[in-house]
Amino acid sequence: MEMFFAIAFLCVVFLLSALILLFFGVLYSEMTNSEIPPGVSHANKLHFIHGANIGIAILGKILENISLCQQVNFTRYCRERLLVQKKPVPPELHIKDLLFSDVPVRVYLPTAPNAAKRRGLVFFHGGGWMFGSLDSYDHICRYIAIHSETVVVSVAYRLSPEHRYPVQLDDCQAATLHFLKVAEADYGVDPIKVALGGDSAGGNLAAALCYRAAKEGARPQPCAQILIYPLLQMADFHLPSYQQNKMVPMLFRGRTIFYCLQYLNGDMTLNEEMLNSDHVPVEHKLRYRKWLGHENLPSECKARGFSLRVASSHDEEVYDLLKQALEPELSPLLAPDDVVRKLPPAFILTCEYDVLRDDGILFKKRLEDLGVPVTWHHINDGFHGILNFFDGGRLNFPSGKRAIDHVVEFLRTL
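Residues numbered from 1 in each chain as written. Predicted model: local features only at pLDDT ≥ 70, side-chain atom pairs only at ≥ 80, totals over all residues. Heavy atoms only, no water.

The name an unreviewed UniProt entry gives the chain is ADCL4 protein, with Polypterus senegalus as the organism.

A. The overall build of the chain, seen in detail. Per the secondary structure count, the chain includes 14 helices and eight strands. Scaling as 2.2 N^0.38, a compact globule of 414 residues should have a C-alpha radius of gyration of about 22 Å, and the chain matches this with 22 Å. Summarising its shape, the C-alpha atoms of the chain cover approximately 80 × 55 × 40 Å along the three principal directions. Relative to its 414 residues, the chain shows a buried fraction of 53%. In the chain, of all internal contacts separated by at least 6 residues, the share reaching a separation of at least 24 is 76%. Accessible area of the chain: about 18,500 Å², with a carbon and sulfur share of 58%. In the chain, which carries 41 positive and 45 negative side-chain charges, the distance between the mean positions of the two groups comes to 5 Å. (Helix = DSSP H or I, 4+ residues; strand = E, 2+ residues; numbered from the N terminus. Rg over C-alpha atoms; globule rule 2.2 N^0.38 Å. Buried < 20%, exposed > 50% of the residue type's maximum accessible area, 1.4 Å probe, protein only. Contact = heavy atoms within 4.5 Å. Areas by Shrake-Rupley, 256 points an atom, 1.4 Å probe, with all protein chains shown as cover. Lys, Arg positive; Asp, Glu negative; His and termini not counted. Charge placed at Lys NZ, Arg CZ, Asp CG, Glu CD.)

B. Seen up close, helix 5 (residues 167-187). A maximum bend of about 45 degrees is found in helix 5 at Lys-181. Buried residues of helix 5: Gln-168, Leu-169, Asp-171, Cys-172, Ala-175, Thr-176, Phe-179, Leu-180, Val-182, Ala-183 and Tyr-187, and no others. Gly-188, located one to two residues past helix 5, shows a positive phi value of around 65 degrees. (Bend = angle between axes of the 7 residues up to and from the residue.)

C. Summary view of the pairing of strand 7 (residues 346-353). Of all eight residues in strand 7, eight are buried, a share of seventy percent or more. Judged from the four bridges that link them, strand 6 (residues 225-228) and strand 7 form a sheet pairing that is parallel. Looking across to strand 7, one finds that Gln-225 is bridged to Ala-346. As paired elements, strand 7 and strand 8 (residues 374-383) share seven bridges and run parallel to each other. Bridging from a neighbouring strand, Phe-347 pairs with Thr-375 of strand 8. A crossover links strand 7 with its parallel partner strand 8, the connecting element being helix 13 (residues 357-369), and its sense is right-handed. (Pairing = 2+ DSSP bridges. Right-handed = clockwise from strand over helix to strand, strands pointing away.)

D. Quick look at the UniProt feature "domain: Alpha/beta hydrolase fold-3" (unreviewed entry) in the chain. Here the UniProt feature "domain: Alpha/beta hydrolase fold-3" (unreviewed entry) sits at residues 121-274 and 324-387. For residues 121-274, the end-to-end C-alpha separation is 34 Å, with 45% helix and 16% strand making up the annotated structure. From the first C-alpha to the last, residues 324-387 spans 29 Å; its make-up is 27% helix and 28% strand. (UniProt positions renumbered as here; feature names shortened; annotations may be inferred.)

E. Summary view of the environment of Val-407. Its place among the elements puts Val-407 in helix 14 (residues 398-411). The contacts of Val-407, once residues within four sequence positions are left out, are Ile-144, Ile-226, Ile-228 and Phe-347.

F. Focus on the side chain of Ser-241. Of note, Ser-241 is situated in helix 7 (residues 240-244). In contact with Ser-241, other than residues within four places in its own chain, are Lys-246, Asp-354, Val-355, Leu-356, Arg-357 and Asp-358.

G. Just the nonpolar core, in detail. Ranked by size, the top nonpolar core spans 85 residues in total, and within it Phe-124, Phe-179, Met-234 and Met-274 carry the most contacts. It is helix 6 (residues 201-216) that provides the largest number of residues to this core, a total of nine residues. Apart from the residues within four sequence positions on either side, Phe-179 is in contact with Phe-100, Val-122, Val-151, Val-153, Tyr-187, Val-189 and Val-194. Counting 39 residues, the second-largest nonpolar core is a separate cluster that includes Leu-46, Tyr-137, Ile-379 and Phe-410. (Core = buried A, V, L, I, M, F, W, Y, C linked by side-chain atoms within 4.5 Å.)

H. Quick peek at the sheet that holds strand 6. The strand order 1-2-4-3-5-6-7-8 describes an open sheet built from eight strands, whose pairing is mixed. The open sheet has two edge strands with one neighbour each: strand 1 (93-100) and strand 8. Taken over all neighbouring pairs, the strand axes of this sheet differ in orientation by 20 degrees on average, direction set aside. Bridging between strand 5 (residues 189-199) and strand 6 involves four bridges; their strand directions are parallel. Paired with Asp-199 across the strands is Ile-228, a residue of strand 6. (Axes fitted to C-alpha atoms, helices over the stretch in contact; angles between N-to-C directions.)

I. How the structure looks around unusual backbone geometry. A cis geometry characterises the amide bond from Ser-160 onward to Pro-161, with omega recorded as 5 degrees. With respect to the helices and strands, Pro-161 occurs in the loop between strand 4 (150-155) and helix 5. For the peptide bond that leads from Pro-249 to Met-250, omega is 10 degrees, which places it in the cis range. Structurally, Met-250 is set in the loop between helix 7 and helix 8 (253-264). Not every positive phi belongs to a glycine, and Ser-200 is a case in point at roughly 60 degrees. Residue classification places Ser-200 among the buried positions, given a relative accessible area of 9%. With phi around 60 degrees, Ser-277 is a residue other than glycine that occupies positive phi space. Structurally, Ser-277 can be placed in the loop between helix 9 (271-275) and helix 10 (282-292). Classification of Ser-277 as buried rests on a relative accessible area of 8%.

Following this line, the structure appears as structure tokens:
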């Protein structure tokens, strides 16, 4: 019997040792494969944040492989419970958790008296349509509401992989329409001064919802679209910014495609085909060139180098599986001119060390070419996700504070 327990103990020790070695081995590999350019300020902080996120993901995968929990749920739990610090409600705000047409929202209402009707912002959080919540974006929405004196509605749309497109967009539309109906009576907000905004995947949802509203001729129209390092097209993942920043935290090129596929249909076997644009017919590639061509980018965007790709044949079967990715409600940058002309004025914020940099800059040019006013700010030392790191503490970045202050300044002009 003693021999049995000794062998069992050794097996457990061996298994735990193997798991620890696997964890640190994969973590080391992921960290060494990442690239933080010299232009990123406070690179050590970004290394630490990236390492923490990778560690959580790896541990979640190990737990999933031994059938203890799903990786996505473990990652969400860690981000929400371990990384989010709840703070008391400041006297400058009333904060309420409500349901708008069955969609959970959090409303931030400034307490300061206001003689005129207030402006409003419906905000859609980022996180690749898979992560993010009311709590993880609470500090951002509080800051915006207080400093811009704007009523902010943060929307908790349903997430992938449990829910696919267009559920997320429909949730955002339902919450927005509900708010517009009650904005004036319940919150003193002028319905014609309500903007839509979001960061990353949330920026995609804001732009897509503005497209939907313009196409349908909705009334009232959003007064502005606030797009913070948004993903705006799923046709070309070889733009200069995708090549230059493909391994820069917090968003790798491969991870971007992963999020897109999870949003669409969850078929990860199409990863390589989407990367190679096999889902885009040649005639589409030639047509999109006028919007996505590198000649539409300023010379600074090409200074770090890139390689040109020649339009080649596509895979008809892959196109059938992924053709939704080319629709304007998923790729607003590819919307037809007659609808783009009707879009509201835009605020676009981009970061130099972000795979999505060129999406925002190319959309800026499209809008301006068609007469839509654009306010553009570029964070030269910024990276994807910088908005989340602005509010003090050891992990804050000055560029994050600049980014959120640009949003506040724009809102105050509406």
